[in-house]
Amino acid sequence: MARVCVVGGGMSGLVTARHLAMAGHRVTVLEASPRFGGKIASAELGGTGFDVGAESMLARTQPGQRPEVVDLLTELGCEVVAPEPVKAQLFVDAHVRPMPRSQVGVPYGAGDLGELLTEAGLERARREPDLPVAPMAQDLAVGELVDQRFGPEVTDRLLEPMLGGVYAGHSRQLSAAAVAPAIWQRVQQGQALTREAPTPDPQAGPVMVSTPGGLHTVVDRLLVDLDQRGVRLRSRSTVRGMHRDGAEWVLSVGPTTAVEHLRADAVVLSTAAAPTARLVDGLVPDEVVAQLSAVPYASVAVVAVLATGLRINGSGLLVPPGELPSIKAFTHASHKWGWVRDALDRTVGPDHELVRISIGRAGQAEALQVGDRELLDRVVTEARDRVPGWSGVQVQQAHVQRWGGGLPQYEVGHLESVARWRGALDAVPNLVVCGALWDGVGLAACLRTARAAAAAIG
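Residues numbered from 1 in each chain as written. Predicted model: local features only at pLDDT ≥ 70, side-chain atom pairs only at ≥ 80, totals over all residues. Heavy atoms only, no water.

Per an unreviewed UniProt entry, the chain is named Coproporphyrinogen III oxidase, and its organism is Candidatus Avipropionibacterium avicola. Recorded in UniProt under Cofactor (unreviewed entry), the annotation for the chain is "FAD". (UniProt positions renumbered as here; feature names shortened; annotations may be inferred.)

When helices and strands are tallied, the chain shows 16 helices and 21 strands. Radius of gyration (C-alpha) of the chain: 23 Å, near the 23 Å computed for a compact globule of 458 residues. With respect to the principal axes defined by its C-alpha atoms, the chain has extents near 70 × 60 × 45 Å. Within the chain, the fraction of its 458 residues that count as buried is 53%. For the chain, restricting intrachain contacts to residue pairs at least 6 apart in sequence, the fraction spanning at least 24 positions comes to 71%. (Helix = DSSP H or I, 4+ residues; strand = E, 2+ residues; numbered from the N terminus. Rg over C-alpha atoms; globule rule 2.2 N^0.38 Å. Buried < 20%, exposed > 50% of the residue type's maximum accessible area, 1.4 Å probe, protein only. Contact = heavy atoms within 4.5 Å.)

Next up on the list: the environment of tryptophan 438. Tracing the sequence through the fold places tryptophan 438 in helix 15 (residues 436-439). The spacing of tryptophan 438 and valine 380 is 58 residues in sequence and 36 Å in space, taken between C-alpha atoms. In contact with tryptophan 438, other than residues within four places in its own chain, are Leu292, Tyr410, His414, Val418, Trp421, Arg422, Leu425 and Val433.

Applying the stated criterion across every chain yields a total of 3 aromatic pairs. With 6.1 Å between their ring centres and 85° between their planes, tryptophan 421 and tryptophan 438 make a pair best called edge-to-face. Of this pair, tryptophan 421 sits in helix 14 (residues 414-426) while tryptophan 438 is found in helix 15, placing the two residues 17 residues apart along the sequence. Of the two residues, tryptophan 421 and tryptophan 438, both sit in the buried class. Lying across the ring of tryptophan 249, arginine 244 places its NZ or CZ 4.9 Å from the centre. (Phe/Tyr/Trp six-rings, centres within 6.5 Å; stacked < 30°, edge-to-face > 60°. Lys NZ or Arg CZ within 6 Å of the ring centre and 35° of its normal.)

One turn of an α-helix holds 3.6 residues; hence residues three or four places apart share an orientation. Buried residues of helix 12 (residues 338-347): Gly338, Trp339, Val340, Arg341, Ala343 and Leu344, and no others. Close packing links the buried residues of helix 12 with strand 3 (42-45), strand 4 (48-51), strand 16 (297-308), helix 11 (333-336) and strand 19 (352-359). Following helix 12 by one or two positions, glycine 349 has its phi on the positive side, about 105°.

With that out of the way, let us pick up helix 10 (residues 286-293). The complete set of buried residues in helix 10 reads Val288, Val289 and Leu292. One side of helix 10 holds all its buried residues, which, seen down the axis, span an arc of 100°. Of the surrounding elements, those touching the buried residues of helix 10 are helix 9 (273-280), helix 14 and helix 15. (Arc of directions from axis to C-beta.)

This brings us to the pattern of salt bridges. On inspection of all chains with the given rule, the structure shows 20 salt bridges. In this structure, the salt-bridge partner of glutamate 128 is arginine 149, at a minimum N-O distance of 2.8 Å. Of this pair, glutamate 128 sits in the loop between helix 3 (119-126) and helix 4 (142-149) while arginine 149 sits in helix 4; the two residues are 21 residues apart in sequence, bridging distant segments of the chain. A relative accessible area of 9% means that arginine 149 is categorised as buried. As a salt-bridge pair, aspartate 345 and arginine 341 come within 3.0 Å of each other at their nearest N and O atoms. Taken together, the positions of aspartate 345 and arginine 341, both in helix 12 and 4 residues apart, correspond to about one turn of that helix. (Salt bridge = Lys/Arg side-chain N within 4 Å of Asp/Glu carboxyl O.)

A separate point is the packing of helix 10 against helix 14. Put simply, helix 10 and helix 14 touch, their axes get as near as 10 Å, and they point 130° apart. Judged on the interaxial angle alone, helix 14 and helix 10 are oblique. Crossing hand, helix 10 versus helix 14: left-handed. Here Val288, Gln291 and Leu292 of helix 10 come into contact with helix 14, specifically with Arg420, Trp421 and Ala424. Taken together, the residues of the contact of helix 10 with helix 14 break down into 4 nonpolar, 1 polar and 1 charged. (Axes fitted to C-alpha atoms, helices over the stretch in contact; angles between N-to-C directions. Parallel < 35°, antiparallel > 145°, perpendicular 65-115°, else oblique. Left-handed = near helix turned anticlockwise from the far one by under 90°. Nonpolar A, V, L, I, M, F, W, Y, C, P; charged D, E, K, R; others polar.)

The 3 strands are arranged 12-13-14 in an open sheet whose pairing can be described as antiparallel. In the strand order of this sheet, the two ends are held by strand 12 (239-245) and strand 14 (260-264), each with one partner. When strand polarity is set aside, the average angle formed by the axes of neighbouring strands in this sheet is 25°. Bridge analysis of strand 13 (residues 248-253) against strand 14 gives 5 bridges, and the strand direction is antiparallel. (Pairing = 2+ DSSP bridges.)

Interhelical geometry of helix 2 (residues 68-75) versus helix 16 (residues 443-457) gives an angle of 80° and a closest axis separation of 9 Å. The angle between helix 2 and helix 16 places the two elements in the roughly perpendicular class. For the pair formed by helix 2 and helix 16, the contact residues are Glu68, Val69 and Leu72 on the first element and Ala444, Leu447, Arg448 and Arg451 on the second. Among the residues making up the contact of helix 2 with helix 16, the classes are represented as 4 nonpolar, no polar and 3 charged.

Right, here's the structure in full:
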C-alpha cells in the first residue's frame, strides 16, 4: 500500500484518486482552489441548477476502448441521459443554417454544404476527391489541411466554429494530428478527405451524455465516494514545491508563512502546464520546463441567461469568427436537456428559456477584461441586434462564469511535444501526470488519462 499525493482536484485528479483508492493505496488530493471539480461548476437561475462549465461527456468510444464515462456515472449511481433529439445549427451570413455532418468540423464531403457556402465555395469543395493526394508525415494545422482540401470557406464557416467551441482555439494553429486523429490517419495514408458518412446506429447509444441536475452533481457524488474510500480531500492546499528524499517525495504545501511538508511514495500531477513546469523544475531538463511553461491557454467565459421572449430552436447555435463581435456559441440548454426544461416548467413556467452564451478564444483575453455587468450587456445586445429570435428577449436573471486560462492549445507538433515531455518525466521515479494537457481536453479523454496514471502507480 503506497502513500500517493494527487496534485490537482479537477475531474482527472479526482478520478485518479478513486482508481488508486480502489487499488488499496492511501491517497491525498491537494487542490489549490477552494473547490473541487476543475472546469465543472454550477449556478442557479430560476430555481434550477445547471452547469456553467463542461455540460456533457463523450460517451461513445472507439472499438476496444472502455466506456469510462458511462462506467463512472453508473458506479456513482448517476442516471445517464442523452440530449434531446434536436440538432445544433450554424450562424452564417446573418442567417441560421443547418449543421452539416462532419467529424470534428471536417465535412464528409460537399454533399450537404450547399446552404453553408457561396456558389464558388461549394464548387471548390466539390473538387476535393479529385485533388492530388500525397501521404503526409509532418504535422500541420487542421485549418490549413481543410484549406488545401476543401477550400477556406469550409474552414471559416464549419471548422472554425466547431473547434472554437471545443478548444477555444483557431483551426489554423491547432494540430491536425492532435485534434483530428482519424482525419490525420487518412492524410498519412494518402487518402482524400471526402468519404462516406457513417450510418447512424440506433443500438450504439448517444454520443454525448450528462445526468439530471448536471455534471456538477457527478462531482458531488464523486467527493462522497472518495471520502467513503478514505481519500483525504484538501482544498486551499497549494503545492509550492517538491523534491526527492531518498525513496520518498517531500511536498511543500500551504502558505509561505506556514509551509507543511508532506511525505509520499508517489505523486500524480493533474495540473495545468505552468504549475506542472514549476513543480518539475530541477527534476527534468531545463528545455522541458521551458516548453511546458510556454504552452498557451485560452480564457473563456459562459454568460447564462434565463429569458422570456426568445424564439429559438435546435440545441444551440455555433458562430464563426467575424459573424458577431464577441459571441462564439449559444447552447439552448432548455431545448437540449429535457431535465432543464422540466425543472424550468416547475419553477418559472414554459415561457422561460435557459441559454448559455460562450465567448473567448485563444489570444483574445482582452475581450473578457470588463466587469460582469458590461459583459452581460454586450452579449445580450449583440444577440438582440443580430441573431434571429432574440429581438424581443427580456433577461430575467443572469450569471457570468469566467474560466481564466481554461483550455490548453494543442498547437502544431503537440503530440511530438507530449512524447518528449513524457519521456523526460518517465525518468523520474514514481511521478506520473494526467489531465487535459496530455491526451485530449474533453472529460472522456481526461478520465482515460486518470486510469492510465493510476495504473502507472501500480
